[in-house]
There are 2 protein chains.
Amino acid sequence: MSHTFGVRQAQKQRTRQALMDAALALLEEQSLSSLGLREVTRAVGVAPTAFYRHFRSTADLGVALVEEALGSLHPVLGDLMSAVGDNDELIQRAVELIARHVDAYPAHVRFIARERHGGVQSVREAIQGQLARFTEEVRTELGKRPETAGWSDDDRSMLAGLYVDQMLATASLFLEAHDGPEAERDRVTRLAGSRMRLISIGCRHWLD
Amino acid sequence: MSHTFGVRQAQKQRTRQALMDAALALLEEQSLSSLGLREVTRAVGVAPTAFYRHFRSTADLGVALVEEALGSLHPVLGDLMSAVGDNDELIQRAVELIARHVDAYPAHVRFIARERHGGVQSVREAIQGQLARFTEEVRTELGKRPETAGWSDDDRSMLAGLYVDQMLATASLFLEAHDGPEAERDRVTRLAGSRMRLISIGCRHWLD
DNA sequence: CCATGCAGTTAACAACTGTTCTCTGTCATT
DNA sequence: AATGACAGAGAACAGTTGTTAACTGCATGG
């Protein structure tokens, strides 16, 4: 049965993961459209032809990486927004969450930021799809909150998209400051907080 | 003298521009880190070695493209912001300006969006440098306007950065809708206007 | 008018790429 | 215990790449 994880299936999954990890490491200094299949297999220590047992192409690998980088983030975002609390507290928690995530998975964040507008169509579409899901989820969560009571759905979508874009921009800023001094990361923390706060103030007076 | 433009210098400039144009066209379907020098010269119809007469590497070409794409935009932005007028009118003009610019130079816009977080460090830095200049210019223009009277310089920088980021995001949205139906472009126009308006509302109540 | 500088050419190099076919060893099924 | 499926290895392929060297022809400055 296919759901049985024998020694065979386990080993296959392990090399698959090794390929994805190696690719992610190589992608820190280049973009996906220049990533060679042989380059990846060489880094793993496996024959070039073994690549085809797992992915049709490097673009295919990229799509899998998008899933790995963003797929598990949806419940996290849901937990964050459904947690009751004052708006400024929510902003502070969001910024801290992003900071911790960038610290834990910098290569994933870099990959998403890089390939969001990158040269591989299928990967771009995969990312856009995930971001659309995030926007939709933020939109429905906003509907449950008092700040956007009486808003049109279009306006709520607009605000949700703005927040999602802002989260990505914040993550990218944290990434740039990742290897820098701690003072720089603090600056980014304050900056991102200010930006979000300004947006939430605009949201509070939207219906005037 | 070097400032004399004889037949010689003119022809050199022409092939240099041809190389940049060809590269820009090729970069619509890939990223700079996978752009080959031979690929470019082949598209122009020139020998591969001729490339070295103009650029040290493709990364060097990329830096020149950044200058071409963003360098001439500074006075445009200055004119836009120094034009007197009510704030909502300014927003509308800005969105229309971006829409027209994307329509006129889609390849330039795609290039900047793609390589801003792309795989080539020197190009990334060149773009960040230009964007920092834009942010600085917007900051000083904001200082002349009444909306940010009494603000700290840090807060003004924060707002300027938010606007610059927003302009890039808007340009990217227009680019995605560039070959789509006109209704889609209208939707983007309204969306971008709403986002900017929400930010400007937040700006109006920042000091409460 | 002639000598020089230099944009662009030609040829060749070693190294690299994606892809195909054939083969091997071993886990999982019967 | 025998058999088939299948992850991975190995070798070979036609193309491609960046870079070097030595060249050619012509516009330009003295």
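Residues numbered from 1 in each chain as written. Chains lettered and ligands numbered in written order. Predicted model: local features only at pLDDT ≥ 70, side-chain atom pairs only at ≥ 80, totals over all residues. Heavy atoms only, no water.

Asks: In this structure, what is going on with the overall build of chain A? I would like to understand it.
Replies: Check the secondary structure of chain A and you find nine helices and zero strands. Moving toward the C terminus, one meets the helices and strands of chain A in the order α-α-α-α-α-α-α-α-α. Considering only C-alpha atoms, chain A reaches an extent of 65 × 45 × 30 Å along its principal axes. Put simply, chain A has 208 residues, and 46% of those count as buried. Looking at chain A as shown, the accessible area adds up to about 10,700 Å², and 51% of this sits on carbon and sulfur atoms. (Helix = DSSP H or I, 4+ residues; strand = E, 2+ residues; numbered from the N terminus. Buried < 20%, exposed > 50% of the residue type's maximum accessible area, 1.4 Å probe, protein only. Areas by Shrake-Rupley, 256 points an atom, 1.4 Å probe, with all protein chains shown as cover.)

Asks: Please clarify how the packing of aromatic side chains should be interpreted in this entry.
Replies: Here the distance between the centres and the angle between the planes together describe a pair of aromatic rings. All names here are of chain A. Applying the stated criterion across every chain yields a total of six aromatic pairs over all chains. Measuring from centroid to centroid gives 6.4 Å for Phe-51 and Tyr-52, while their planes differ by 90°, and the two rings are edge-to-face. Among the residues examined, Phe-51 registers a relative accessible area of 0% and is labelled buried. Tyr-52 gets classed as exposed once you look at its relative accessible area, which sits at 53%. Taken together, a centroid distance of 5.7 Å and an interplanar angle of 45° make the contact between Phe-51 and Phe-55 tilted. In this structure, Phe-51 and Phe-55 share a single accessibility class: buried. By way of ring pairs, the aromatic residues Phe-51, Tyr-52 and Phe-55 are connected into one cluster. (Phe/Tyr/Trp six-rings, centres within 6.5 Å; stacked < 30°, edge-to-face > 60°.)

Asks: Hey, could you run me through the protein's contact with DNA strand D in this one?
Replies: By nearness alone, 20 residues border DNA strand D, and Ala47(A), His54(A), Val7(B), Arg38(B) and Arg42(B) come closest of all. Among the atoms of DNA strand D lying within 4 Å of the protein, the sugar-phosphate backbone contributes 51%. Contact between DNA strand D and Arg8(A): a base oxygen at 2.6 Å from a side-chain N or O atom of the residue. Between DNA strand D and His54(A) there is a distance of 2.6 Å, counted from a phosphate oxygen to a side-chain nitrogen or oxygen. Within the residue set of the surface near DNA strand D, elements represented by two or more residues are α1 (7–26) of chain A together with α1 (7–26) and α2 (37–44) of chain B. Considering only residue class, the surface near DNA strand D consists of seven nonpolar, six polar and seven charged. (Near = heavy atom within 4 Å. Polar contact = N/O pair within 3.5 Å; in protein donor to acceptor, adjacent residues only side chain to side chain. Nonpolar A, V, L, I, M, F, W, Y, C, P; charged D, E, K, R; others polar.)

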